[in-house]
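Here's the letter readout for the chains.
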Amino acid sequence: MSELVARTGRHQQRYEGGRRLVAGYRVNNDETSADKHKKLVEVLMINSQSGPGLLFPKGGWENDETVEEAAAREAIEEAGVRGDIVHLLGFYDFKSKTHQDACCPEGMCRAAVFALHVNEELTSWPEQSTRQRTWLTVPEAASQCRYQWMQEALLTGFSDWHDKWSRGGGGTNCDPA
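What comes next concerns the included structure. The structure presented is a predicted model; accordingly, all values stated were derived computationally and were not measured. (Residues numbered from 1 in each chain as written. Predicted model: local features only at pLDDT ≥ 70, side-chain atom pairs only at ≥ 80, totals over all residues. Heavy atoms only, no water.)

1. Re the overall build of the chain
Then, number 1: The helix and strand tally for the chain stands at 3 helices and 8 strands.
Then, number 2: In sequence order, the secondary structure elements of the chain are arranged as β-β-β-β-β-α-β-β-β-α-α.
Then, number 3: Looking at the chain as a whole, 44% of its 177 residues qualify as buried.
Then, number 4: For the chain, the proportion of contacts with a sequence separation of at least 24, taken over those separated by at least 6, is 71%.
Then, number 5: Roughly 9300 Å² of accessible area belongs to the chain as shown, and the carbon and sulfur atoms make up 49% of that amount. (Helix = DSSP H or I, 4+ residues; strand = E, 2+ residues; numbered from the N terminus. Buried < 20%, exposed > 50% of the residue type's maximum accessible area, 1.4 Å probe, protein only. Contact = heavy atoms within 4.5 Å. Areas by Shrake-Rupley, 256 points an atom, 1.4 Å probe, with all protein chains shown as cover.)

Here's what the structure looks like:
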């Protein structure tokens, strides 16, 4: 059993313009490949509890935390990983069929998605009984994404940033350069 506890309920969640605000990480791990000159980039995905396909760890952004803190909390709760924020990949709008409420009757959400460099995989985490984490290459992750908006975040936001970063450009610590 995990010592960590997942937050539940929606009474502290943030909304803006009829959308529930969500934060999440598209987490990555750079490992040196066999040729020692290239970095192998892997992304961490988790299973969906409501159907096939894989997801990024994500969840509601609450009133008592920054968007970065919310995303870090979700990475711990859902995927059991800790790390350092590397870059804000962008904001992605989507419709949630399961999260319609009085503050968000249409179920519209806006997700702030970050790249996170994982430096610790926990052996115990709050949702380990219902979530499985899987490390995949970028093409594998793209082919297994459950939702189009997550595939877009992976193929555009993450890939664009990673290309700039690997050439010596691109920002860190949420610098959108």
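Once the structure has been displayed, the description carries forward.
2. Some remarks on the packing of aromatic side chains
Then, number 1: Under the definition given, this model contains 2 aromatic pairs.
Then, number 2: Between phenylalanine 94 and tryptophan 149, the ring centres sit 4.5 Å apart and the planes meet at 5°, which makes this aromatic pair stacked. Of this pair, phenylalanine 94 sits in strand β6 (residues 81–95) while tryptophan 149 is found in helix α3 (residues 148–166), placing the two residues 55 residues apart along the sequence.
Then, number 3: Residue classification places tryptophan 149 among the buried residues on the basis of a relative accessible area of 9%.
Then, number 4: Pairwise contacts between aromatic rings join Tyr92, Phe94 and Trp149 into one cluster. (Phe/Tyr/Trp six-rings, centres within 6.5 Å; stacked < 30°, edge-to-face > 60°.)

3. Quick look at helix α1 (residues 67–79)
Then, number 1: Relative to the 18 Å expected for 13 residues at 1.5 Å per residue, α1 spans 18 Å between its end C-alpha atoms, a close match to the ideal helical length.
Then, number 2: The buried fraction of α1 is high, at 10 of 13 residues.
Then, number 3: If you check which residues of α1 are buried, you get Val67, Ala70, Ala71, Arg73, Glu74, Ala75, Ile76, Glu77, Glu78 and Ala79.
Then, number 4: At the exit of α1 stands glycine 80, carrying a positive phi of roughly 65°. (Expected span 1.5 Å × (residues − 1).)

4. Regarding the nonpolar core
Then, number 1: The biggest cluster of nonpolar side chains holds 32 residues, and the ones touching the most others in it are Val43, Met45, Val81, Trp149, Leu154 and Phe158.
Then, number 2: Counting 6 residues, the second-largest nonpolar core is a separate cluster that includes Trp61, Ala70, Ala71 and Ala112. (Core = buried A, V, L, I, M, F, W, Y, C linked by side-chain atoms within 4.5 Å.)

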